[in-house]
Every structure is written in structure tokens, then in C-alpha cells.
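Spelled out from the first residue to the last, the chains are:
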Amino acid sequence: MNMQATTEEFAATLPAGVYGEKVLSVQHYTDRLFRFTMTRPDGFRFRSGEFAMIGLMVDGKPIYRAYSIASPSWAEELEFFSIKVPGGPLTQHLQNIQEGDIVLMRKKPTGTLVLDALTPAKRLYMFSTGTGIAPFASLIREPETYEKFDEVILTHTCREVAELQYGFDLVSEIRNDELLSEIVGDKLTHYATVTREPFERTGRITDLISSGKLFDDLGLPPLNPETDRGMICGSAAMLKDTKALLEAAGMDEGANNKPSEFVIERAFVG
Ligand code: A2P
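Being a predicted model, the structure only gives us computed values, none of them experimental. (Residues numbered from 1 in each chain as written. Predicted model: local features only at pLDDT ≥ 70, side-chain atom pairs only at ≥ 80, totals over all residues. Heavy atoms only, no water.)

Turning our eyes to something else, we now look at the site of the ligand. Around the ligand lies a shell formed by R32, T129, T157, C158, R159, T195, R196, R204, T206, A237, M238 and D241. Broken down by secondary-structure element, the contributors of at least two residues to the shell around the ligand are β8 (151-158) and α9 (236-248). Among the elements that take part in the shell around the ligand, α9 stands out by supplying 3 residues, more than any other. (Near = heavy atom within 4 Å. Helix = DSSP H or I, 4+ residues; strand = E, 2+ residues; numbered from the N terminus.)

Written out as C-alpha cells, the structure is:
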């Protein structure tokens, strides 16, 4: 039996509403983080910043978790950036996937970190920690982001420098891409910090906002609802603390059906 037949036979066993897609590449960054790409199903549409339910068959049963799609809406392949949780129901298996394996994906993407949920303004801040950079990996490669905003600031904070690498790779990929670099121009700023080892920039993003250091470093005024919009993606604690700072600056939370000044979404956890 050839591999094609195996894949087709497998696809025929999938429940309605689920795609089975082939893994195209896997890249391990640290013992806690990896990135993978897979085929994009025909007819699968999503908005940059949305998430999908990704899964694997484990002992004959599907296990799914929410994953932000890290590739932009126009891309041919789907990309994901994942944590590896020891003993995590999905990630203890997902971290072992290899090229050619099949990953499950439920058909309906969704999410609040979308451009439609924000009202127009001059500047867009994307605040991320850990794998919370994933939806922004999509949005910083989305031309509409730069049609809607003059300046885009992506902040990424991790415990260790090695965990920032995915973000550095992304930005250099944009700079080296003929089409994207023209669209992005000098509108994108990547501001990376770590909290648990020495680096050129250190500290939690919340502390850097509170102290004003973020704005001093960027040469920008403090947060202002007239000019600034925000998107936040990280752990529950990070969302809560960052949201409180945006609200203190007079910014109001938006949603798909009620666009406003900032939106939040929890990064994948288990
Ligand atoms: P810290 O090292 O001080 O805990 P995690 O892997 O735990 O999700 O953390 C990712 C990054 O988010 C770390 O740099 C961590 O800093 C930071 N972080 C954790 N909790 C918060 C919070 N409540 N507000 C802002 N940053 C946070």
C-alpha cells in the first residue's frame, strides 16, 4: 500500500467537520517550544489572528486544543507555534510529529484578535508573551494590518533569550521578502524582552508600560485611546495585568460585533 492510499483511507475515516492535514515541516526552538507547518485544506478560509482547534488521534480518540494560526490569511501553508508541556494531553504527543504525519483540524476558525474588532487609529500595539506571539506572527504578515495602521509595535517577552528566536526569525523573514518588505516598510517595530536572564532588554511588559520605559525606548508618547489600539495574547495573568493597564490609559475592550480600542485572547496552554 502506498502512502497516498493510506492518507486517503485515513481521510475517509475522519468525522464530518474535521480536516486531516499533512505535516510539511517541524522546527524545534527549545525544549519548550516548536513550530510546525502543514497543508492548507482547499476552501479553508480564516482571518489573520484567528485560532483553530488542532488535534491528534491518541489511543483511538481525538484530542483537540485551540491554536492560533501563525501564518497569514493569504499563505498557502498553515503554520503553528506550540509549547511542549510535559504530560500535556495534546502537546506531549504533538511535539513528536514529523514530516508526513497527519494532524487534525476542526473546520471553523474563530477568535477576537482580528483587525475587524478594532476601530481605526494611528498605531497598533501587539503585546505578547511566550507562544502568545502566534496570532501576531499572522497579523504582521497581513497587508491589511499596514493599510489600517501607520505604526505596528510587536512586543514579545519570554523567560529566556532562546525563546525569542521564533520572533527574530519572523521579522528577518519579512525583511528578506521582496513583496512583504515593501508593504511593511519601516512601519513594524519588534520589541523583545526577557525576564529570567540577562539581555539587552529585560523586564515584564507590564512593568515596562507602568514605568514608561517601553515608550522612552520607542520614542513614543504614553498609551492614548485617540491614537493607539492594542491586542494582547499571553497567559491568563498576563492578560489580566496588561488589560488593567490599557483600561487605566482610558482604552475600552472591543469584540467582533463591537469594535473598540483593544482586544485580548489567551495563548495556548496545555
Ligand atoms: P516572569 O519570568 O517574570 O514570570 P510564562 O512562560 O510563565 O507564560 O511566561 C512568559 C513570560 O510572561 C515571562 O517572561 C513571564 O515573566 C511573563 N509574565 C508572566 N506573568 C505575567 C504577568 N502577570 N504580566 C506580565 N508578564 C507576565
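Further notes follow.
What follows concerns the sheet that holds strand β5 (residues 77-83). In space, the 6 strands of this open sheet follow the order β4-β3-β6-β1-β2-β5, with antiparallel pairing throughout. Of all the strands in the sheet, the pair left with one neighbour each is β4 (61-68) and β5. Strand-to-strand twist in this sheet, taken as the mean axis angle between neighbours without regard to direction, amounts to 40 degrees. (Pairing = 2+ DSSP bridges. Axes fitted to C-alpha atoms, helices over the stretch in contact; angles between N-to-C directions.)

Moving on: α9. If you check α9, its first and last C-alpha atoms are 18 Å apart, about what 13 residues at 1.5 Å a residue would give, namely 18 Å. Every buried residue belonging to α9 is among M238, L239, T242 and L246, and all of these are buried. Viewed end-on, α9 has its buried residues packed into an arc of 95 degrees, placing them on one side of the element. Turned more than 90 degrees away from the buried face of α9 sit K240 and A248, all of them exposed. Buried residues in α9 make contact with β7 (123-129), α7 (205-211), β10 (228-234) and β11 (262-266). G250, located one to two residues past α9, shows a positive phi value of around 90 degrees. (Expected span 1.5 Å × (residues − 1). Buried < 20%, exposed > 50% of the residue type's maximum accessible area, 1.4 Å probe, protein only. Arc of directions from axis to C-beta. Contact = heavy atoms within 4.5 Å.)

Next up on the list: the UniProt feature "domain: FAD-binding FR-type" (unreviewed entry) in the protein. Here, UniProt's "domain: FAD-binding FR-type" (unreviewed entry) annotation points to residues 16-116. Along residues 16-116 one finds 4% helix and 46% strand; the C-alpha atoms at either end are 29 Å apart. (UniProt positions renumbered as here; feature names shortened; annotations may be inferred.)

Right, let's get into the pairing of β5. In terms of burial, β5 is a largely internal element, 6 of the 7 residues being buried. Pairing of strand β2 (residues 33-39) with β5, which is carried by 7 bridges, proceeds in the antiparallel orientation. Of the residues in β5, the one forming a bridge with R35 is F81.

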